[in-house]
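# Tertiary structure, described
These are the residues of each chain, in order.
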Amino acid sequence: MSGYNYALTDLLLLKRVCSGYGVEVNITRLAKILRKHKKTVRDRVKALLTHRVIDRPVYPFKALFKEYPLLVISYADLPYDDKTIEWLKNDKNVFAAYRVREGESNMVIFEFHKDVWDYHLWREKIAAEGKIPERSKRA
């Protein structure tokens, strides 16, 4: 059950950051965790922000997130060739792609979509058009 709470917290945090509002520091909770007085914690958090040791979150793509509210982060096993690189550069749904080594995957892709249905149609289309190999031919 605690894993569920962390996942929910992560989703709420992501929603706040992507909405452009940033996040809040829960001084009371932080004071309890650190076993310090609330005023002490508040002053230290304020100093960290004032002296720019940490920055408030910035989300410069607010309009993009309104148009495409579904952010998909996926690991993929894709060939690293000119055809794949060209597709990643030109696809309107692909925001960023990075080479990684996570198990069977060699790439992490950040994509924006209108909704889950749009995402699944997009996946079927790119496989059907041969922009990526079919799942049966990949790990």
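The written sequence of each chain sets the order in which its residues are numbered from 1. It should be noted that, the model being predicted, local features are given only for residues of pLDDT at least 70 and side-chain atom pairs only at 80 or more, the latter also being counted only at that level, while totals for whole chains, interfaces and linings use all residues. Side-chain measures here rest on the full set of heavy atoms in the structure, leaving out hydrogens and waters.

With that settled, consider the overall build of the chain. Secondary structure assignment for the chain yields six helices and three strands. Per-residue burial for the chain yields a buried fraction of 24% across its 139 residues. Counting only contacts in the chain whose residues sit at least 6 apart along the sequence, the fraction spanning at least 24 positions is 55%. Only the protein chains shown count as cover for residues, with accessible areas throughout obtained via the Shrake-Rupley method and a probe of 1.4 Å. Carbon and sulfur atoms make up 56% of the accessible area of the chain, which amounts to about 10,800 Å² in all. Counting from the N terminus, the helices are the DSSP runs of H or I reaching at least four residues and the strands are the DSSP runs of E reaching at least two. Here's how the labels work: a residue is buried when its accessible area is under 20% of the maximum for its type, exposed when over 50%, partly exposed in between, all with a 1.4 Å probe on protein chains only. Contact between two residues is taken to exist if any of their heavy atoms lie within 4.5 Å; hydrogens are not considered.

Moving on, we get to the pattern of salt bridges. Any carboxyl oxygen of Asp or Glu that lies within 4 Å of a side-chain nitrogen of Lys or Arg is treated as forming a salt bridge with it. For the coordinates displayed, the defined rule picks out two salt bridges. Between Lys39 and Asp43 there is a salt bridge, with the nearest N and O atoms lying 3.0 Å from each other. Remark: Asp43 and Lys39 occur in helix 3 (residues 38-50); sequence separation between them is four residues, near one turn of the helix. Since its relative accessible area comes to 48%, Lys39 is described here as partly exposed.

Quick look at the packing of helix 2 (residues 27-34) against helix 3 now. In contact at an axis separation of 9 Å, helix 2 and helix 3 are set at 110° when each is read in the N-to-C sense. Relative to helix 3, helix 2 is oriented roughly perpendicular. Seen from helix 2, the contacting residues are Ile27, Thr28, Leu30, Ala31 and Leu34; seen from helix 3, they are Lys38, Val41, Arg42 and Val45. Residue classes in the contact of helix 2 with helix 3 are distributed as six nonpolar, one polar and two charged. A fitted line through C-alpha atoms serves as each axis, taken over the contacting stretch for helices, and the angle formed by two N-to-C directions is quoted from 0 to 180°. By definition in this entry, angles of less than 35 degrees are roughly parallel, angles greater than 145 are roughly antiparallel, angles of 65 to 115 are roughly perpendicular, and the rest are oblique. Side-chain classes are defined by residue name, with Ala, Val, Leu, Ile, Met, Phe, Trp, Tyr, Cys and Pro counting as nonpolar, Asp, Glu, Lys and Arg as charged, and the others, Gly among them, as polar.

Patch construction takes residues with relative accessible area above 30% that form no salt bridge. Like charges are linked within 9 Å, and nonpolar side chains (Val, Leu, Ile, Met, Phe, Trp, Tyr) are linked within 5 Å. The sign given to each residue is positive for Lys and Arg and negative for Asp and Glu; His and the chain ends receive no count. In this description, the location of a charge corresponds to atom NZ of lysine, CZ of arginine, CG of aspartate or CD of glutamate. Together, Arg29, Lys32, Lys38 and Arg42 make up a region of like positive charge exposed at the surface. With respect to the helices, strands and loops of the structure, Lys32 is situated in helix 2.

The next subject is the environment of Tyr119. Counting through the fold element by element, Tyr119 comes out in helix 6 (residues 116-128). For Tyr119, a relative accessible area of 14% gives the class buried. Apart from the residues lying within four places of it in its own chain, the contact partners of Tyr119 are Leu70, Val72, Glu111 and His113.

Tracing the chain through its elements places His113 in strand 3 (residues 105-113). Whenever a nitrogen or oxygen atom comes within 3.5 Å of another N or O atom, the pair is scored as a polar contact, on the condition that within protein one atom can donate a hydrogen and the other can accept it, and that pairs from neighbouring residues in sequence are kept only if both atoms are in side chains. Of the polar contacts made by the side chain of His113, one reaches the side chain of Asn93; its length is 3.3 Å. Contacts of His113, omitting those with residues within four sequence positions, involve Tyr68, Pro69, Leu70, Val72, Asn93, Asp118, Tyr119 and Trp122.

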